Amino acid sequence: MSEATGLELSDITVGYGGVPAVRGLSASVRRGEILALLGPNGSGKTTTLLAAVGALPLMAGDVRALGEPIDRRIERNARRGITLVPDTRGVFHRLSVSDNLRLAKRKGGMEIDAVFDYFPKLKTMRSRRCGNLSGGEQQMLALAKALLTGPQVLLIDEMSLGLSPIAVQDLLPRLRAIADDHNMAVVLVEQHIDLALGIADSAVVLHHGRVALSASASELKANRDRVEDAYFGR
């Protein structure tokens, strides 16, 4: 696999306490592309992301990022540019927006002013305490913090969790622009299926820890019934 393929999961099985939660999953995403990881709650989406960053040991299979095997130490993978934005968003609620951004900044990452180009609203609320931000604003901040670390492979868990459809419609095109502008491989776990397929290049639907459907995003968007059948295991 060349570095053009940002992330490749090859027949991975992973779980908790020796019990598999994901079985035989294979998927890949190239640099500059977005993979939408879809499926109902409990289908193994978060487990897949944790395995991809080295936070969960594999029971079988292989994970490679940027042409090299994933390290068992998550901090080493982070230094290589493998970044996870968790569904908890990972922001410090008692600190200001500016303080959150300064703490996240890493050598080689995007500059703070450049991040404001994607999220100009954050610039107007730099002194505001993070705990006083709306859910959509906190998600903007979480994505901005991730960009400051210099990711080459960006994994985002439940970006729209708790957000209004309008907020999701605002955020997703920005993610598409980020992937395009920075040749970044993105894996997006998302419950808004149509919106996710609208910005993704490819998609995988999980059901009970197995791949129920895998195809280009455009193909799945044009065949919505196939997605629903896979989503609900029909």
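Overview of the structure.

Conventions used here
- Residues numbered from 1 in each chain as written.
- Predicted model: local features only at pLDDT ≥ 70, side-chain atom pairs only at ≥ 80, totals over all residues.
- Heavy atoms only, no water.
- Helix = DSSP H or I, 4+ residues; strand = E, 2+ residues; numbered from the N terminus.
- Rg over C-alpha atoms; globule rule 2.2 N^0.38 Å.
- Buried < 20%, exposed > 50% of the residue type's maximum accessible area, 1.4 Å probe, protein only.
- Areas by Shrake-Rupley, 256 points an atom, 1.4 Å probe, with all protein chains shown as cover.
- Lys, Arg positive; Asp, Glu negative; His and termini not counted.
- Charge placed at Lys NZ, Arg CZ, Asp CG, Glu CD.
- Salt bridge = Lys/Arg side-chain N within 4 Å of Asp/Glu carboxyl O.
- Core = buried A, V, L, I, M, F, W, Y, C linked by side-chain atoms within 4.5 Å.
- Contact = heavy atoms within 4.5 Å.
- Phe/Tyr/Trp six-rings, centres within 6.5 Å; stacked < 30°, edge-to-face > 60°.
- Pairing = 2+ DSSP bridges.
- Axes fitted to C-alpha atoms, helices over the stretch in contact; angles between N-to-C directions.
- Parallel < 35°, antiparallel > 145°, perpendicular 65-115°, else oblique.
- Nonpolar A, V, L, I, M, F, W, Y, C, P; charged D, E, K, R; others polar.

1. Re the overall build of the protein
A count of helical and extended segments in the protein gives ten helices and ten strands. Computed over its C-alpha atoms, the radius of gyration of the protein comes to 17 Å, within 12% of the 17 Å expected for a compact globule of 234 residues. Taken along its principal axes, the extent of the C-alpha atoms in the protein is 50 × 35 × 35 Å. Scored against the burial criterion, the 234 residues of the protein give a buried share of 49%. Split by element, the accessible area of the protein, about 10,700 Å² in all, is 49% carbon and sulfur. Here the protein carries 29 positive and 26 negative side-chain charges, and the mean point of each set is 7 Å from the other.

2. Comments concerning the pattern of salt bridges
Considering all chains together, one arrives at eleven salt bridges under this definition. Close ionic contact of Glu-137 with Lys-121 constitutes a salt bridge, the shortest N to O distance being 2.9 Å. Separated by 16 residues along the polypeptide, Glu-137 in helix 6 (residues 135–148) and Lys-121 in helix 5 (residues 120–124) bring together distant segments of the chain. Across the pair Arg-224 and Asp-194 runs a salt bridge whose closest N-O atoms are separated by 2.6 Å. One end of the pair, Arg-224, is in helix 10 (residues 224–231); the other, Asp-194, is in helix 8 (residues 193–199), with 30 residues separating them in the sequence. Each of Asp-71, Arg-73 and Arg-76 takes part in one network of salt bridges that share partners.

3. Looking at the nonpolar core
The biggest cluster of nonpolar side chains holds 53 residues, and the ones touching the most others in it are Phe-119, Leu-122, Ile-156 and Leu-175. Leaving out residues up to four positions away in the same chain, Phe-119 has contacts with Met-140, Leu-143, Ala-144, Leu-147, Leu-171, Arg-174 and Ile-178. Membership of the second largest hydrophobic core comes to 27 residues, among which are Val-14, Ala-27, Ala-185 and Val-189.

4. Side note on the environment of Pro-86
The topology assignment puts Pro-86 in the loop between strand 6 (82–85) and helix 3 (97–104). Distance from Pro-86 to Leu-122, taken between C-alpha atoms, is 20 Å for residues 36 residues apart in sequence.

5. Side note on the packing of aromatic side chains
Scanning all chains against the criterion turns up one aromatic pair. Ring centres 5.2 Å apart and planes at 65° place the aromatic pair Tyr-231 and Phe-232 in the edge-to-face group. Assessed through its relative accessible area of 52%, Phe-232 is described here as exposed.

6. Focus: the sheet that holds strand 1 (residues 5–16)
Pairing within the open sheet is antiparallel, and its four strands lie in the order 2-1-4-5. The open sheet has two edge strands, strand 2 (19–30) and strand 5 (68–69), and neither has a second partner. Sitting on the sheet, helix 1 (residues 45–52) touches strand 1, strand 2 and strand 4 (58–65), and the angle it makes with strand 1 is about 115°.

7. What about the sheet that holds strand 3 (residues 34–38)?
One open sheet accounts for six strands, arranged 6-7-8-3-9-10; its pairing is mixed. The open sheet has two edge strands with one neighbour each: strand 6 and strand 10 (210–216). Going from strand to strand, the sheet's axes swing by 15° on average, the running direction of each strand aside. Summarising the sheet, strand 3 and strand 9 (residues 202–207) pair through four bridges and their orientation is parallel. Counted as the bridge partner of Leu-38 is Val-205 from strand 9. Relative to strand 8 (residues 185–189), helix 7 (residues 165–182) is tilted by about 160°, and along the sheet it contacts strand 3, strand 7 (153–156) and strand 8. On the sheet, helix 10 packs against strand 9 and strand 10 and is oriented at approximately 30° with respect to strand 9.

8. A closer look at the packing of helix 6 against helix 7
In helix packing, the relevant descriptors are the interaxial angle and the interaxial distance, both defined with respect to the helix axes. The N-to-C vectors of helix 6 and helix 7 enclose an angle of 10°; their axes lie 11 Å apart at closest approach. When the interaxial angle is binned, helix 6 and helix 7 end up roughly parallel. Residues Gly-136, Gln-139, Met-140, Leu-143 and Leu-147 of helix 6 lie in contact with helix 7, whose contacting residues are Asp-170, Leu-171, Arg-174 and Ile-178. For the contact of helix 6 with helix 7, the class distribution of residues is five nonpolar, two polar and two charged.

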